[in-house]
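Spelled out from the first residue to the last, the chains are:
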Amino acid sequence: MISLEWVKDYIDISDQDLEALAVKITKAGINVEKVITNHINNLVIGEVVSCIPHPDSDHMHVCMVNVGSEELQQIVCGAANVREGIKVIVALPGAILPGDFVIKKSKIRGVESNGMICALFELGLEEKTEENYARGIEELGADAQVGEDPISYLGLDDTLYELDIHKHRNNDCYYHIGFAYEIGAILNRKVTLPALDFHETNDSIDNHFKLAVETKKCPYYLARMVTDVKIGESPDFIKRRLIAAGMRPINNVVDISNYVMLEFGQPLHFFDKDKLGDLIVVRDATDLEKVVTLDGKERTLTSKDIVITDGEKPVCIAGVMGGENTEVDANTTNILIEAAIFDAVSIRYTANNLDLKSEASIRYGKGLSYEYTEMAIKRACHLLEKYAGAKVLSGVVKYDVLDKTPKKVEFFPEDVNKMLGITISEEDMKVELSRLEFDYELVNGKFIVTIPSRRLDIDPNVNDIAEEIGRLYGYHNLVSTIPTVPIRRGEYVGDVKYRKILSKRLRSLGLNEVKTYTLVSKEMANLYDDGRENAILPNPMSSDKSVIRTTLIPSLLNVYDYNKKRKVKDICLYEIAKTYDKKYNEVSLVTGLVSGNYVNNGWSKPVKYDFYVLKGIVENILNYMGFKNRYSFEVSKASILHPGVSADILLDRQKIGIMGRIHPNVSKDEIYVFEFSMNALITKIKPLKYKEAPKYPGMEKDMAFILDKDIPAGEVVNTIKKAGGRLLDTVTVFDVYMGDNVDSNKKSLAFNVKFVDPLRTLTEEEVMKSFNQIVEKVVSTHNAILRDK
């Protein structure tokens with residue numbers, strides 16, 4: 001919250017409409033979220049000229065009030081303390097009081113009333129308590145001028161800006177002098193800094209105090225000492241401004257510390273020198289070190305925190321909160337003033353770790369300007385001398401290893417214009433840099449700009465300088481133009497390209513895409529061991545999100561359970577997502593889950609999902625991706641799958657995934673899943689070879705064998721392919737039978753084989769020759785029997 005009455009101490013804005021100024025500031029990049037003012041239109045100071053009892057009331061009065069106009073105003077008032085001769089606050093018709101209460105001309109019990117005589121709580125200037133209500137209307141002093149603004153007379157005519165400052169904008173708009181510089185840049189006016197002068201005694205601080213800094217997290221530390229301090233009440237202007245900023249006044253010493261922080265943005269800490277002793281050691285805390293802070297709570301520290309100590313025990317958590325053992329109290333007379341710069345990251349860590357965010361820690365956490373550190377400690381001495389009767393000892397104890405190398409940036413005008421997309425002349429750039437109070441040189445057409453230390457948010461690069469020049473030049477001056485850059489048709493590449501292709505194909509097969517969490521519970525992660533070691537989070541959000549998954553199958557099983565509970569019978573799901581092992585190796589997986597009936601297939605009636613439907617989906621995908629005749633299937637040993645209804649998916653004889661029914665130990669429902677690596681598909685993609693469609697008709701033959709139940713159909717298919725020779729085109733399993741007329745340890749496999757010659761029409765004799773070779777080979781290799789019917 002920024003007080004404009006306070007800002008007026010540093011820059012002249014008396015000629016500005018503060019609502020309009022807020023708009024200018026917002027257009028320049030600092031968002032004024034709300035303009036808060038106590039001013040109320042049609043509110044004036046009045047004098048009660050006469051006061052008589054209301055003819056129809058036992059407590060109301062009819063008053064004639066002089067409000068500075070030619071005619072007296074008749075006002076009915078019910079306050080017990082209204083009487084002739086007093087100066088009061090009058091709300092005339094048209095005034096809008098807090099709560100959107102509009103004052104109008106009216107009749108009160110038959111008597112005309114042209115306004116309202118007000119109490120402060122009715123104006124929102126104090127709380128509506130029984131005590132304030134009983135006190136009645138506000139009686140102003142005899143020096144109050146009739147017709148003038150009563151808010152101004154009471155010294156409450158402040159306007160506040162509530163700011164919404166972008167996180168990249170640093171500390172400079174969190175304090176009043178920094179905000180004055182912002183206004184100065186917008187209005188092209190100079191900022192006047194407050195008085196920093198004070199008188200020093202002949203006694204030196206060196207006679208009373210020593211400093212040692214034993215941490216790299218404190219590059220800059222200043223200390224001054226004052227004596228004979230008189231603790232008392234702060235002057236009204238300090239109390240008023242602290243209240244406006246949302247801080248509670250305590251006493252003149254504490255209030256001055258807060259006042260300077262809000263003025264310069266530099267937090268200060270006041271130690272009771274007599275409680276502190278003659279030494280300060282700034283060091284890193286030790287693990288489990290304890291300190292009782294000003295709020296009376298014991299805090300346990302870690303080695304990442306910074307502490308101020310008296311050489312033995314902590315007396316302050318640096319940058320966050322002081323210790324109770326050196327607190328300034330009503331008996332304090334001698335004070336040591338600390339103004340320092342601490343490591344911003346460390347302060348943010350400490351404030352978060354201890355849950356102890358304060359006005360000071362927020363500012364330390366954003367970084368500070370060393371120039372303002374020096375000014376702030378001088379300002380504190382000036383105010384303590386003036387309002388607390390302090391005597392300032394000569395000298396300052398300083399520790400300084402801070403890098404003060406000025407930030408400089410060099411650029412040509414065209415660099416800024418190219419960045420902004422408009423043309424700003426060299427002269428206009430000079431004007432904007434001068435308004436910002438950025439020192440610059442112009443050498444051979446190149447600007448060399450020195451960034452002031454107060455602007456910690458600006459890095460020494462042309463991007464930040466262009467932004468500053470552009471926002472002051474005015475974003476409204478930016479001309480909208482259509483881009484003229486050459487463009488070309490975009491296309492997906494890499495993982496994204498193949499993810500899109502696979503996703504589109506899976507949807508065309510009737511599967512619905514789902515998205516699940518990358519993080520799963522340990523129980524879910526243990527459902528299926530795919531050989532990759534899980535990464536377990538050291539500080540998980542919750543127990544059900546403590547492991548980074550290596551497989552998507554448990555996640556899809558969760559989605560299945562969710563849908564089943566909601567009476568969904570036919571469930572067809574897929575997910576394409578990245579997984580990670582313990583070493584954070586990334587693998588993209590394509591996973592599907594089906595159960596119930598396959599209803600989106602164009603067939604005459606639904607087909608119940610089984611292993612073969614699942615296998616057909618997988619084959620469809622692999623064929624679509626161009627892997628026909630390059631994939632195969634083998635019996636799987638995956639623990640999550642049913643041992644007799646499962647298979648490994650092989651591509652170029654390398655395992656890329658699994659498919660099959662979920663093991664009954666995992667779920668009693670008939671659920672089928674597949675999962676394969678998209679990375680493996682991408683690395684094995686080869687240019688497609690064109691094969692001309694045959695011009696001559698082929699011949700098809702069927703054959704069926706009875707063989708051992710344990711012999712996989714895939715082995716028989718391979719045998720047929722090897723025995724069929726060059727005329728064999730395709731082999732398809734079209735029937736598997738176990739039952740009547742077949743021994744219990746046997747099964748019947750039926751195959752359709754197609755023979756084609758691309759150059760001629762085949763004869764029955766040569767087809768039967770290949771057919772018989774196949775039968776002989778299968779019979780001898782697998783101890784099979786050819787079925788004759």
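Note that the structure is predicted; figures quoted are calculated from it, not measured.

1. Structural notes on unusual backbone geometry
In this structure, Arg109 is a non-glycine residue whose phi angle is positive, near 55°. Its location among the elements puts Arg109 in the loop between strand E9 (106–108) and strand E10 (111–113). At Asn629, a residue that is not glycine, the phi angle is positive and equals roughly 70°. Within the element layout of this structure, Asn629 appears in the loop between helix H18 (611–624) and strand E38 (631–635).

2. Topic: the side chain of Gln73
Locating Gln73 in the fold gives a position in strand E5 (residues 73–77). Given the relative accessible area of 18%, Gln73 is considered buried. Not counting chain neighbours up to four residues away, the residues in contact with Gln73 comprise Cys63, Met64, Val65, Val67, Leu92 and Asn114.

3. Focus: the sheet that holds strand E42 (residues 699–708)
Strands in a sheet are paired, the pairing made by backbone hydrogen bonds, and the direction either parallel or antiparallel. Sheet architecture is open: 4 strands sit in the order E43-E44-E42-E45, paired in antiparallel fashion. Pairing within the sheet leaves two strands with one partner each, and these edge strands are strand E43 (728–737) and strand E45 (785–786). Across 2 bridges, the pairing between E42 and E45 is antiparallel. Looking at E45, one finds that Ile706 is bridged to Ile785.

4. What about the sheet that holds strand E33 (residues 547–548)?
Taken in spatial order, the 3 strands line up as E31-E33-E32 in an open sheet, and their pairing is antiparallel. On the outer flanks of this sheet lie strand E31 (519–520) and strand E32 (535–536), each paired with one strand and no other. As judged from the 2 bridges shared by E32 and E33, these two strands associate in the antiparallel manner. Residue Ala535 lies in a different strand from E33, and its bridge partner there is Ile548.

5. Observations concerning the layout of surface pockets
The calculated volume of the second largest pocket comes to roughly 810 Å³. Lining the second largest pocket are 30 residues, with Val254, Ser257, Asn258, His269 and Leu294 sitting closest to its centre. Counting residues per element, the ones that place at least two in the lining of the second largest pocket are helix H7 (252–264), strand E17 (269–272), strand E22 (314–317), strand E23 (321–322) and helix H10 (359–366). Here the lining of the second largest pocket takes 5 residues from H7, the largest share from any one element. Here the lining of the second largest pocket is built from residues that sort into 17 nonpolar, 7 polar and 6 charged.

What counts and how
- Residues numbered from 1 in each chain as written.
- Predicted model: local features only at pLDDT ≥ 70, side-chain atom pairs only at ≥ 80, totals over all residues.
- Heavy atoms only, no water.
- Helix = DSSP H or I, 4+ residues; strand = E, 2+ residues; numbered from the N terminus.
- Buried < 20%, exposed > 50% of the residue type's maximum accessible area, 1.4 Å probe, protein only.
- Contact = heavy atoms within 4.5 Å.
- Pairing = 2+ DSSP bridges.
- 1 Å grid on protein atoms, 1.4 Å probe; cavity = no way out; pocket = protein on both sides within 12 Å on 5 of 7 lines; lining within 4 Å.
- Points joined across faces, edges and corners; volume = space filled by probe spheres on them.
- Nonpolar A, V, L, I, M, F, W, Y, C, P; charged D, E, K, R; others polar.

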